[in-house]
Amino acid sequence: MNGRPTMRPLRTVLPALLALLLLAGCAAGENADGTVAGDSGGGAAAVRLDYAYYNPESLVIREQGWLEQELGRDNVEWVLSQGSNKANENLRAGVIDVGSTAGTPALLARANGSPIRSIDVYSRPEWSAIVVPAGSAITDPAQLRGRKVAVTQGTDPYFFLVQTLARAGLDRDDVEIVNLQHSDGRTALERGDVDAWAGLDPFMAQSELSVGSRLVYRNLDFNSYGLLNATESFLERDPDTAAVVVRAYERARAWIAENPDEAVATLARAASIDPAVARKQLTERTRLDIDPVPGPDQRAVLERLLPILVSENLVRSESDARTALDTLFEPRFAEQAAGTRSDGSRL
């Protein structure tokens, strides 16, 4: 023996090597449900989407596991959005493919160069109002002059505040805006760090029921619709998966209508809130019996807000804002999904 290892002929090594690679691929790629990672069975790509406490359908879809059942467990990634601003940040950064926002932040994002399209209307909410502590002497928005007001900039409550101030003859410079995420705004209000808060449910309902905070100004018309948005690259790359997501939203809408108590329990569990708070948010201040197809109703609300976006220097130009509004809606997915039953079948 010369001490060197014996070399096996290549024709005998290759079959064994290929077999090992095949076994490794099967072991690494098979999901618990028997599907292969990265393959939904129909060639659909993975989808990354958000869930949010202000978006009840997202919570139902996530808890029921409908997307995982259809696309494969490893093909679905959920990311929590604490507000429209965070959803927009994640869409722009490519962290998620589909995200839920209020209508105004969606328009604002597109006007400032974020390539998103609104593919479904998931709610008609009254999710924002002007909130003051239980013992506050403030009873009218006009009394906010010179006061500290907490709000999350770039979200519907911010635009609710701006419209409310204008209705009261004030502008944003007449108050001291304290930019905080929604949950932190509630905390600041209850601690007395601010005089008022442009709140968002479920935090607003939670503050009402737990410590007696008061809603001193409400206006449904100042709340924009809840829009489900997707990046243009995702819609171009995988429209079939986008259609699956929107069908799941319509299934969730029907499921909530048929199972209101279970939907309340889902919201309470997901947001770690009292069921009474969840019930107030879902049954008193959220309308889901609406047309899911983005169109004239949503446009009318956003059209009214265009001058505010321009005057606040939140868009590069009025032309950019109008172009964004003209191109924001992509209705075909919701048109196809409308009429989906709670069991996933079609009418």
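Residues numbered from 1 in each chain as written. Predicted model: local features only at pLDDT ≥ 70, side-chain atom pairs only at ≥ 80, totals over all residues. Heavy atoms only, no water.

### Some details on the packing of aromatic side chains
Consideration 1: Scanning the model with the defined rule gives six aromatic pairs in all.
Consideration 2: Judged by centre distance (6.4 Å) and plane angle (75°), the ring pair of Tyr51 and Trp78 falls under edge-to-face. Of the two residues, Tyr51 is situated in strand β1 (residues 47-51) and Trp78 in strand β2 (residues 76-80); the sequence distance between them amounts to 27 residues. For the pair shown, Tyr51 and Trp78 are each scored as buried.
Consideration 3: Ring geometry for Phe160 versus Phe222: centroids 5.9 Å apart, planes at 75°, classification edge-to-face. One end of the pair, Phe160, is in helix α6 (residues 156-167); the other, Phe222, is in the loop between β9 (214-217) and β10 (226-231), with 62 residues separating them in the sequence. Of the two residues, Phe160 and Phe222, both sit in the buried class.
Consideration 4: An aromatic cluster is defined as three or more aromatic residues linked by ring pairs; in this entry it consists of Phe160, Tyr217 and Phe222.
Consideration 5: The side chain of Arg62 reaches across the aromatic face of Tyr51, ending 3.9 Å from its centre.
Consideration 6: Above the face of the Tyr225 ring, Arg124 is positioned so that its terminal group lies 4.5 Å from the ring centre. (Phe/Tyr/Trp six-rings, centres within 6.5 Å; stacked < 30°, edge-to-face > 60°. Helix = DSSP H or I, 4+ residues; strand = E, 2+ residues; numbered from the N terminus. Buried < 20%, exposed > 50% of the residue type's maximum accessible area, 1.4 Å probe, protein only. Lys NZ or Arg CZ within 6 Å of the ring centre and 35° of its normal.)

### So, the sheet that holds strand β8 (residues 196-200)
Consideration 1: The five strands are arranged β7-β6-β8-β5-β9 in an open sheet whose pairing can be described as mixed. Of all strands in the sheet, those bounded by a partner on one side alone are β7 (176-179) and β9. Neighbour-to-neighbour, the strand axes of the sheet open up by a mean angle of 35°, direction not taken into account.
Consideration 2: In this sheet, β7 lies alongside strand β6 (residues 148-151) in parallel orientation, the contact comprising four bridges. The residue of β7 that forms the bridge with Ala150 is Val178.
Consideration 3: Packed on one face of the sheet, helix α7 (residues 182-191) meets β5 (128-132), β6 and β8 and runs near 145° to β8. (Pairing = 2+ DSSP bridges. Axes fitted to C-alpha atoms, helices over the stretch in contact; angles between N-to-C directions. Contact = heavy atoms within 4.5 Å.)

### With respect to the environment of Ser84
Consideration 1: Positionally, Ser84 belongs in helix α4 (residues 84-93).
Consideration 2: Apart from residues lying up to four places away in sequence, Ser84 is in contact with Tyr54, Thr101, Ala102, Pro105, Gly154 and Thr155.

### Let's talk about the packing of α6 against helix α13 (residues 296-311)
Consideration 1: Across the interface, α6 lies against α13 with an axial gap of 11 Å and an inter-helix angle of 85°. On the basis of their axis angle, the class for α6 and α13 is roughly perpendicular. Touching Phe159, Val162 and Gln163 of α6 are Arg304, Leu305, Ile308 and Leu309, all from α13.
Consideration 2: Taken together, the residues of the contact of α6 with α13 sort by class into five nonpolar, one polar and one charged. (Parallel < 35°, antiparallel > 145°, perpendicular 65-115°, else oblique. Nonpolar A, V, L, I, M, F, W, Y, C, P; charged D, E, K, R; others polar.)

### Focus: the nonpolar core
Consideration 1: Residues Val47, Leu49, Ile61, Leu67, Val98 and Val245 are the most contacted members of the largest nonpolar core, which totals 60 residues.
Consideration 2: Once you skip the residues sitting within four places of it in the chain, Val47 turns out to touch Leu71, Asn75, Val76, Glu77, Asp97, Val98, Phe234, Thr241 and Val245. (Core = buried A, V, L, I, M, F, W, Y, C linked by side-chain atoms within 4.5 Å.)

### Observations regarding the pattern of salt bridges
Consideration 1: Tallied over the entire structure, the rule returns 28 salt bridges.
Consideration 2: Note that Arg186 and Glu190 form a salt bridge whose closest N and O atoms lie 2.8 Å from each other. A residue pair is termed a helical-turn pair when its members lie 3 or 4 positions apart in one helix, as Arg186 and Glu190 do in helix α7 at four residues.
Consideration 3: Between Glu250 and Arg253 there is a salt bridge whose closest N-O contact spans 2.9 Å. Of this pair, Glu250 and Arg253 both sit in helix α10 (residues 239-258), separated by three residues, roughly a single helical turn. (Salt bridge = Lys/Arg side-chain N within 4 Å of Asp/Glu carboxyl O.)

### Here's the deal with the side chain of Gln163
Consideration 1: With respect to the helices, strands and loops of the structure, Gln163 is situated in helix α6.
Consideration 2: Under the relative-accessibility criterion, Gln163 is labelled buried at 6%.
Consideration 3: Beyond its immediate chain neighbours, meaning those up to four positions away, Gln163 contacts Phe222, Arg304, Leu305 and Ile308.

### Some words on unusual backbone geometry
Consideration 1: The peptide bond linking Asp201 to Pro202 adopts the cis configuration, its omega dihedral lying at 10°.
Consideration 2: Along the chain, the position of Pro202 falls in the loop between β8 and α8 (203-211).
Consideration 3: Here the phi dihedral of Ser272 falls at roughly 55°; this positive angle occurs in a residue that is not glycine.
Consideration 4: Judged by its relative accessible area of 63%, Ser272 is exposed.

### Thoughts on α8
Consideration 1: Among the residues making up α8, those that are buried are Phe203, Met204, Ala205, Gln206, Ser207 and Glu208.
Consideration 2: Check the buried side of α8 and you find it contacts β5, α7, β8, β9 and α12 (275-284).
Consideration 3: Following α8 by one or two positions, Gly212 adopts a phi angle in the positive range, close to 80°.

### Considerations on the pairing of β1
Consideration 1: Within β1, four of the five residues are buried, which leaves it mostly tucked inside the rest of the structure.
Consideration 2: Pairing of β1 with β2 involves five bridges; the strand directions are parallel. If you follow Leu49 over to β2, its bridge partner there is Trp78.

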